[in-house]
Amino acid sequence: MNFVQQLQSLDINDIGRWPALFRALLIAVIFTIVAVGGSYYFAVKNLKPALERAEQEETELKAAFETKQGKAANLDAYKVQLAEMERSFGAMLRQLPDQTEVPSLLVDISQTGLASGLEEQLFEPAALERKDFYAELPIKIRLTGGFHEMGNFVSGIAALPRIVTLHDIKIKPPANAEGASEDLVLDVTAKTYRYLDEDEEAEEAEGA
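Since the structure is predicted, the reported quantities are computational estimates derived from the model, not experimental observations.

Turning our eyes to something else, we now look at the overall build of the chain. From N to C terminus, the chain includes six helices and five strands. Traced from its N-terminal end to its C-terminal end, the chain shows the element sequence α-α-α-α-β-β-β-α-β-β-α. Counting every position in the chain, which comprises 208 residues, the buried fraction comes to 20%. Restricting to contacts in the chain with at least 6 residues of sequence separation, those with at least 24 account for 60%. With an accessible surface of roughly 15,300 Å², the chain has 58% of that area assigned to carbon and sulfur atoms.

Here it is, written out as structure tokens:
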């Protein structure tokens, strides 16, 4: 009886009566399956944490890439916005007078009140207040006249080519009002600003 015929005649339910050769082959096959299965199980079990870490890193890298890609895509838009901000800032700086222009600006403020039909009773520039890159010059002003003329004064200040702001506005009747006088007293603090030159900024930095 050849090998194939012997293999076909084996009874799976009576392994104990198999020839020694076939029993040895069966044991070898079972051992191989167990060894391979066990090795695979332990290898996968040990590699699973590493696989999970790799998947997490992949997710983080994808998120970082998408963020950087978005920034790169918007870079041109950011450059345009920055250039626009620089132009706007430069335009604002040009509205701040330098040290030599302040006296003429004070004259313009005073003349604005007079041109509006108001009588000037007080025009008192205070001490210069230095800020970061500019200085602030408060001016105490007292004017008398009609309410309409005061409105013209405010409009005239707003129309000046340099930045001038009005603060602490108080309107009241004069202390010695007589009869049906329509005159009012306007107390206001006007503030104008000028930028500091490099020497003044250096002094400010040293003082800080």
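The structure having been displayed, the exposition proceeds.
Looking at the secondary structure, you find Lys191 in strand S5 (residues 184-195). For the pair Lys191 and Thr165, spaced 26 residues apart in the sequence, the C-alpha separation amounts to 5.2 Å. Among residues more than four places away in sequence, those in contact with Lys191 are Glu136, Leu137, Pro138, Ile163, Val164, Thr165 and His167. Within the structure, Lys191 has its side chain in polar contact with the side chain of Glu136 (distance 3.4 Å).

The next subject is the pattern of salt bridges. By the definition in use, this model includes four salt bridges. A salt bridge links Lys62 to Glu58, with the nearest nitrogen and oxygen atoms 3.6 Å apart. One end of the pair is Lys62 and the other is Glu58, both in helix H2 (residues 20-73) and four residues apart, which spans about a single turn. Here Lys191 makes a salt bridge to Glu136, at a shortest N to O gap of 3.4 Å. With Lys191 in strand S5 and Glu136 in strand S3 (residues 134-145), the pair connects residues that are 55 residues apart, well separated along the chain. Under the relative-accessibility criterion, Glu136 is labelled buried at 8%. One connected set of salt bridges, linked through shared partners, spans Arg142, Lys172 and Asp187.

What follows concerns a nonpolar patch on the surface. Judged by side-chain polarity, Phe147, Ile169 and Ile171 come together as a nonpolar surface patch covering roughly 320 Å² of accessible area. By relative accessible area, which is 58% here, Phe147 ends up exposed.

Conventions adopted
- Residues numbered from 1 in each chain as written.
- Predicted model: local features only at pLDDT ≥ 70, side-chain atom pairs only at ≥ 80, totals over all residues.
- Heavy atoms only, no water.
- Helix = DSSP H or I, 4+ residues; strand = E, 2+ residues; numbered from the N terminus.
- Buried < 20%, exposed > 50% of the residue type's maximum accessible area, 1.4 Å probe, protein only.
- Contact = heavy atoms within 4.5 Å.
- Areas by Shrake-Rupley, 256 points an atom, 1.4 Å probe, with all protein chains shown as cover.
- Polar contact = N/O pair within 3.5 Å; in protein donor to acceptor, adjacent residues only side chain to side chain.
- Salt bridge = Lys/Arg side-chain N within 4 Å of Asp/Glu carboxyl O.
- Patch = residues over 30% accessible without salt bridge, like charges linked within 9 Å, V, L, I, M, F, W, Y side chains within 5 Å.

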